[in-house]
Amino acid sequence: MSTPTILEKIKAYKLDEIAATKAETPIEAMEDLARAAPAVRPFKDALLQASINGYGLIAEIKKASPSKGLIRADFDPEALARAYEDGGAACLSVLTDTPSFQGAKEFLTLARAACNLPVLRKDFMYDPYQVIEARSLGADCILIIMASLTDGEAAVLEQTAETWGMDAIIEVHNADELKRAEALKSQLIGINNRDLNTFETSLDTSRTLARYVPEDRIIICESGLETPQDLADIARYGARCFLIGETLMRADDVASATRNMLASPLTAGGM
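Residues numbered from 1 in each chain as written. Predicted model: local features only at pLDDT ≥ 70, side-chain atom pairs only at ≥ 80, totals over all residues. Heavy atoms only, no water.

Draft legend 1. A look at the packing of helix H1 (residues 6-24) against helix H6 (residues 128-137). Two elements in contact, H1 and H6, have axes whose closest approach is 10 Å; the angle formed by their N-to-C orientations is 65°. Along this stretch, H1 crosses H6, giving a crossing that reads as left-handed. When H1 is examined against H6, the residues Lys-14, Ile-18, Thr-21 and Lys-22 are found in contact with a partner set consisting of Tyr-129, Gln-130 and Glu-133. Considering only residue class, the contact of H1 with H6 consists of two nonpolar, two polar and three charged. (Axes fitted to C-alpha atoms, helices over the stretch in contact; angles between N-to-C directions. Helix = DSSP H or I, 4+ residues; strand = E, 2+ residues; numbered from the N terminus. Left-handed = near helix turned anticlockwise from the far one by under 90°. Contact = heavy atoms within 4.5 Å. Nonpolar A, V, L, I, M, F, W, Y, C, P; charged D, E, K, R; others polar.)

So this is what it looks like as structure tokens:
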């Protein structure tokens, strides 16, 4: 019997976690919490607006990762949200998975309340219940990871997000997943340069896949971005939106690091 991949291990504990949360807070109660949450902030629109003349940055609040361990010891979601906003980020991403990323659901609520940016709940979604829970926390967008879902499961998650007024990023990391993503309605296609089975990273994933993304979709390049040159390089392949976590989270001055990352966008004429 083969050893489970990192993604398979995450799915196993995530399904247990969902069952426990459902037992604690039945879906009707969760829907009440979602209805009481602050109004949705337009996630896709914020990215689009920022990417017209610059880059649309989703800046990630991420304490740790399975591959790198602890990333930032002095971890304050509220201060980080404000720093990212000051630095020019268009949106936030907040890790809410605890076992693998030392995230927490309350990190999202705290970060969103501290700024005016729309927020992505970065987690492994398998059940529409999690989408409703995301809205109850204040999330404006969810992540749909094609590598861990069937087409039917992905469609149900997307439909639930739409019902609650949220956007969805459809995440892919190979040509097969991209083809499957095209059957969904969301315009936001996240190309993850990190293989979720091995956690190895290569920007070649974006360089290869970007050319096959339909023109009516918005490419978001995720993982492995470390310098403004990386952004300019990938922008030449048609991506003007980026999700960056670790590089910015390791910076002493997060606002300044964010500003520097966005300082010299490749203009349309340079593409």
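Continuing now.
Draft legend 2. Looking closely at the pattern of salt bridges. Under the counting rule described, the total for this entry stands at 20 salt bridges. Of the charged contacts in the structure, one is a salt bridge between Glu-17 and Lys-14, with a shortest N-O distance of 3.1 Å. Of this pair, Glu-17 and Lys-14 both sit in helix H1, three residues apart, which is roughly one turn of that helix. The exposure class assigned to Glu-17 is partly exposed, which follows from its relative accessible area of 26%. The shortest N-O distance in the salt bridge between Asp-32 and Arg-35 comes to 2.9 Å. Residue Asp-32 and its partner Arg-35 are located together in helix H2 (residues 27-36), separated by three residues, close to a single helical turn. Judged by its relative accessible area of 45%, Asp-32 falls in the partly exposed class. Shared partners join several salt bridges into a network, and the residues in it are Lys-14, Glu-17, Asp-97, Lys-105, Arg-121, Asp-123 and Glu-133. (Salt bridge = Lys/Arg side-chain N within 4 Å of Asp/Glu carboxyl O. Buried < 20%, exposed > 50% of the residue type's maximum accessible area, 1.4 Å probe, protein only.)

Draft legend 3. Summary view of the packing of helix H5 (residues 105-113) against H6. As a packed pair, H5 and H6 sit with axes 9 Å apart at the nearest point and diverge in direction by 40°. On the basis of the axis angle, H5 is oblique to H6. Where H5 abuts H6, its residues Lys-105, Leu-108, Thr-109 and Arg-112 lie against Glu-133, Arg-135 and Leu-137. Here the residues of the contact of H5 with H6 are counted per class, giving two nonpolar, one polar and four charged. (Parallel < 35°, antiparallel > 145°, perpendicular 65-115°, else oblique.)

Draft legend 4. Structural context of empty space enclosed by the protein. Counted by the stated rule, this structure contains one cavity of 30 Å³ or more. Considering only enclosed or pocket space, the largest cavity measures out at about 50 Å³ in volume. Those elements that provide at least two residues to the lining of the largest cavity are H1 and H6. Examining the composition of the lining of the largest cavity, we find that four residues originate from one element, H1, more than from any other. In the lining of the largest cavity, the residues fall into two nonpolar, two polar and five charged. (1 Å grid on protein atoms, 1.4 Å probe; cavity = no way out; pocket = protein on both sides within 12 Å on 5 of 7 lines; lining within 4 Å. Points joined across faces, edges and corners; volume = space filled by probe spheres on them.)

Draft legend 5. Examining the packing of aromatic side chains more closely. Applying the stated criterion across every chain, the model contains three aromatic pairs. Arranged with centres 5.1 Å apart and planes meeting at 80°, the rings of Tyr-55 and Phe-242 form a pair that is edge-to-face. One end of the pair, Tyr-55, is in the loop between helix H3 (43-53) and strand S1 (56-61); the other, Phe-242, is in strand S10 (residues 241-244), with 187 residues separating them in the sequence. Assessed through its relative accessible area of 0%, Phe-242 is described here as buried. (Phe/Tyr/Trp six-rings, centres within 6.5 Å; stacked < 30°, edge-to-face > 60°.)

Draft legend 6. Examining the layout of surface pockets more closely. What the largest pocket holds in volume is close to 420 Å³. Around the largest pocket, the lining comprises 26 residues; the ones closest to its centre are Glu-60, Lys-62, Arg-194, Ser-223 and Gly-224. Within the residue set of the lining of the largest pocket, elements represented by two or more residues are strand S6 (141-145), S10 and helix H11 (246-249). In terms of residue class, the lining of the largest pocket is made up of ten nonpolar, six polar and ten charged. Taken as a whole, the second largest pocket encloses approximately 240 Å³ of empty space. What lines the second largest pocket is a set of 14 residues, and nearest its centre among them are Arg-217, Ile-218, Ile-219, Gly-238 and Arg-240. Where the lining of the second largest pocket is concerned, the elements lending two or more residues are H3 and strand S9 (218-222). Per-element tally for the lining of the second largest pocket: the top contributor is H3, with three residues. Among the residues making up the lining of the second largest pocket, the classes are represented as nine nonpolar, two polar and three charged.

Draft legend 7. Main features of the pairing of strand S4 (residues 91-95). When you tally the buried positions in S4, you get five out of five residues, the bulk of the element. Every second residue of S4 is oriented toward a common face, with Cys-91, Ser-93 and Leu-95 on one face and Leu-92 and Val-94 on the other, all of them buried. As paired strands, S4 and strand S5 (residues 119-122) are joined by four bridges and run parallel to one another. Counted as the bridge partner of Val-94 is Arg-121 from S5. (Pairing = 2+ DSSP bridges.)

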